[in-house]
Amino acid sequence: MLRHFSIPVVFLALASSGCGTDPVPCDNTCPDISGVYSIENAAPVGQCSFSPYLLAPTVEILQTDNGRRVMLEVIDPSTQLEVPLVGDVFAPAPGDDLELLGSFRVDARTVRAAGPSDERTLTLDVSASGSVSVREGRRVLSATLMTMDAVSGKGCTHTLSITGLGD
């Protein structure tokens, strides 16, 4: 049986499987990937019984802990409030694209209502990964935001493939 997979999901699977060792978060000189990014494209993939986390039209990536940690906010659709997600910053590996400034990875587990009018409580895994590069003198954010049902066993995943331009 042949299954159809979306490009972002396949890319994430390949990126997370890697070749050799997993990337290590930067510890000394971390790249500056912070900035305000206007979301140009946010293509959703997947249908779930819950409302997935969303992004505002403008996303700010902040760096803390001497640049080692990254923080960005997503919108909880059940409350319409911004929720901060915190993760690690990665420096480009030798041989990476010269335009690549750095990347980030965030993994979080949350408990919240299924949606604005659905009070069921769900445990969701939220992961965001992305990279910031410079193209034609502008910073470009390429990222994926995934919201997964952590408990149901049905494997429902909503993926948001994101492209944004730095202001």
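For the structure, check the block above.
Residues numbered from 1 in each chain as written. Predicted model: local features only at pLDDT ≥ 70, side-chain atom pairs only at ≥ 80, totals over all residues. Heavy atoms only, no water.

Peer 1: Looking at this structure, how should I read the overall build of the protein?
Peer 2: In terms of regular secondary structure, the protein is built from one helix and eight strands. Its helices and strands in sequence order give the protein the pattern α-β-β-β-β-β-β-β-β, from N to C terminus. Within the protein, the proportion of its 167 residues that are buried is 36%. Restricting the contact set of the protein to residue pairs at least 6 apart, pairs at least 24 apart contribute 53%. Here the protein has roughly 9,800 Å² of accessible surface; of this, 55% comes from carbon and sulfur atoms. (Helix = DSSP H or I, 4+ residues; strand = E, 2+ residues; numbered from the N terminus. Buried < 20%, exposed > 50% of the residue type's maximum accessible area, 1.4 Å probe, protein only. Contact = heavy atoms within 4.5 Å. Areas by Shrake-Rupley, 256 points an atom, 1.4 Å probe, with all protein chains shown as cover.)

Peer 1: Help me understand the pattern of salt bridges in this model?
Peer 2: Side chains that carry opposite charge are capable of pairing whenever their charged atoms lie near each other. Under the counting rule described, the total for this entry stands at eight salt bridges. Here Asp118 makes a salt bridge to Arg120, at a shortest N to O gap of 2.8 Å. Residue Asp118 is classed as partly exposed on the basis of its relative accessible area of 24%. (Salt bridge = Lys/Arg side-chain N within 4 Å of Asp/Glu carboxyl O.)

Peer 1: Which parts of the structure should I look at to understand unusual backbone geometry?
Peer 2: For residues other than glycine, phi is negative in most cases, and the peptide bonds are mostly trans. At Asp65, a residue that is not glycine, the phi angle is positive and equals roughly 55°. With respect to the element layout, Asp65 can be found in the loop between strand E2 (58–64) and strand E3 (69–76). The backbone phi angle of Gln80 is positive, close to 65°, even though this residue is not glycine. Structurally, Gln80 is set in the loop between E3 and strand E4 (81–90). Exposure remark for Gln80: the relative accessible area of 56% places this residue in the exposed category.

Peer 1: When you look at the state of the cysteines in this model, what are you seeing that I'm missing?
Peer 2: In a disulfide, the sulfur atoms of two cysteines are held together by a covalent bond. Counting across every chain of the model gives one disulfide. What pairs with Cys26 in a disulfide is Cys30, and their sulfur atoms sit 2.1 Å apart. Taking the torsion about the S-S bond as the criterion, the Cys26 to Cys30 disulfide, at about 110°, is right-handed. This pair shows no difference in class: Cys26 is buried, exactly as Cys30 is. (Disulfide = S-S within 2.5 Å.)

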